Amino acid sequence: LAAPLLSRGLVSRRPSPLPANKSPTSAGPRPGVFCGSVSEEGNMTLRCTKPAGHWKIVMWDQEGFQGRRQELAAQCPGVLELGFEAVRSLKVLSGAWVGFEHPGFQGQQYVLERGEYPCWGARSGNKAYPSERLASFRPVATTGTRDSRRTISEQENFLGRKGELSDDHPSLQALGWDGKEVGSFRVQAGAWVCCQFPGYRGFQYVLECDHHSGDYKRFREWGPHAQTPQVQSVRRIQ
């Protein structure tokens, strides 16, 4: 595949505006959008436009799949509501998830794709500042799309030099991207994880086409843990 085009004149095509007699709230639920809650009994309630069972994760409060066990099929803003102090091992049975260091989807983000995670060291991401426990979770709704596309811009508000990406890239510098920083992202399709260092290492930032309308104008919109615009590798979340 040819390397992405890097130029100063590339402009992304934006979606057509809604008709005057339509509003975002009257259009009904969009495919792939979910919401969940935890009942007083600790059971998850899922309201989702995707088939039941699209997301499933099993978690334990001790490493090595030991201790208290709980299954999730929708977002969980805090494992304390499930009687957990923290999650230290888990198995992703279906779908892709994001685990957060703190309750309320705060702190470092960790992409969790199908597989087993017996301890914190089994998770990809930031090994320099590891989080040995996870406290909140949500599914990634816009995965599995064949047409994953995004535009990166050199400066905030989509200004400066631009490049279009549609594949995984362990090093943006190898594509000819100057510097170690990206000012803004526009996600046209799919879900992506941006990583601080080459080789998908360092802090992770999950960017999706159905969050912020796909527009991330500045690095602080990548997540509450984002302290720098440094991004040197990106990949699609499958």
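Residues numbered from 1 in each chain as written. Predicted model: local features only at pLDDT ≥ 70, side-chain atom pairs only at ≥ 80, totals over all residues. Heavy atoms only, no water.

Going by an unreviewed UniProt entry, the chain carries the name Beta-crystallin A4 and comes from Myotis lucifugus. Its UniProt record gives the chain a comment under Sequence similarities (unreviewed entry), which states: "Belongs to the beta/gamma-crystallin family." In UniProt, the chain has this text filed under Function (unreviewed entry): "Crystallins are the dominant structural components of the vertebrate eye lens." (UniProt positions renumbered as here; feature names shortened; annotations may be inferred.)

### Quick word on the UniProt feature "domain: Beta/gamma crystallin 'Greek key'" (unreviewed entry) in the chain
Cross-referencing UniProt, the feature "domain: Beta/gamma crystallin 'Greek key'" (unreviewed entry) maps to residues 55–94 and 95–141 in the present numbering. The span residues 55–94 is 0% helical and 50% strand by assignment, and the distance between its end C-alpha atoms comes to 5 Å. (Helix = DSSP H or I, 4+ residues; strand = E, 2+ residues; numbered from the N terminus.)

### Focus on the packing of aromatic side chains
Under the defined criterion, the tally for this structure stands at five aromatic pairs. For the pair F100 and F105, a centre-to-centre distance of 5.6 Å together with 70 degrees between the ring planes defines the contact as edge-to-face. Ring centres of Y205 and W222 lie 5.2 Å apart, and the angle between their planes is 55 degrees; this geometry places the pair in the tilted category. Here W222 lies in the loop between β16 (215–216) and β17 (233–236) and Y205 lies in strand β15 (residues 201–208), a separation of 17 residues in the sequence. Across the pair, W222 and Y205 agree in class, each one buried. In this structure, K91 packs its charged tip against the face of F65, placed 4.7 Å from the ring centre. One cation-aromatic arrangement involves R161 over W177; the distance from NZ or CZ to the ring centre is 4.6 Å. (Phe/Tyr/Trp six-rings, centres within 6.5 Å; stacked < 30°, edge-to-face > 60°. Buried < 20%, exposed > 50% of the residue type's maximum accessible area, 1.4 Å probe, protein only. Lys NZ or Arg CZ within 6 Å of the ring centre and 35° of its normal.)

### Digging into the pattern of salt bridges
Between side chains of opposite charge, a pair can form as their charged atoms come close. Enumeration according to the criterion identifies 11 salt bridges in this entry. E71 is paired through a salt bridge with K56; the nearest N and O atoms lie 3.5 Å apart. Taken as a pair, E71 in strand β5 (residues 66–72) and K56 in strand β4 (residues 56–62) lie far apart in primary sequence, 15 residues in all. E71 gets classed as partly exposed once you look at its relative accessible area, which sits at 33%. Between E208 and R138 there is a salt bridge, with the nearest N and O atoms lying 2.6 Å from each other. Placement of E208 in strand β15 and of R138 in strand β10 (residues 136–139) is noted, with a sequence separation of 70 residues between them. (Salt bridge = Lys/Arg side-chain N within 4 Å of Asp/Glu carboxyl O.)

### Considering the confidence of the model for the chain
Per-chain confidence: the chain averages 78 in pLDDT, with 73% of residues scoring 70 or above. Low pLDDT, under 50, characterises residues 1–52; the stretch is placed with 82 contacts to residues that sit more than four places away or in other chains. (pLDDT = per-residue confidence, 0-100. Contact = heavy atoms within 4.5 Å.)

### What about the sheet that holds strand β8 (residues 106–112)?
Read across the open sheet, the three strands follow the order β8-β7-β10; overall the sheet is antiparallel. Each of the sheet's edge strands pairs with one partner strand only, and the pair in question is β8 and β10. Neighbour-to-neighbour, the strand axes of the sheet open up by a mean angle of 25 degrees, direction not taken into account. Bridge count between strand β7 (residues 97–102) and β10: four bridges; the pairing is antiparallel. Note on β10: the bridge partner recorded for V98 is R138. (Pairing = 2+ DSSP bridges. Axes fitted to C-alpha atoms, helices over the stretch in contact; angles between N-to-C directions.)

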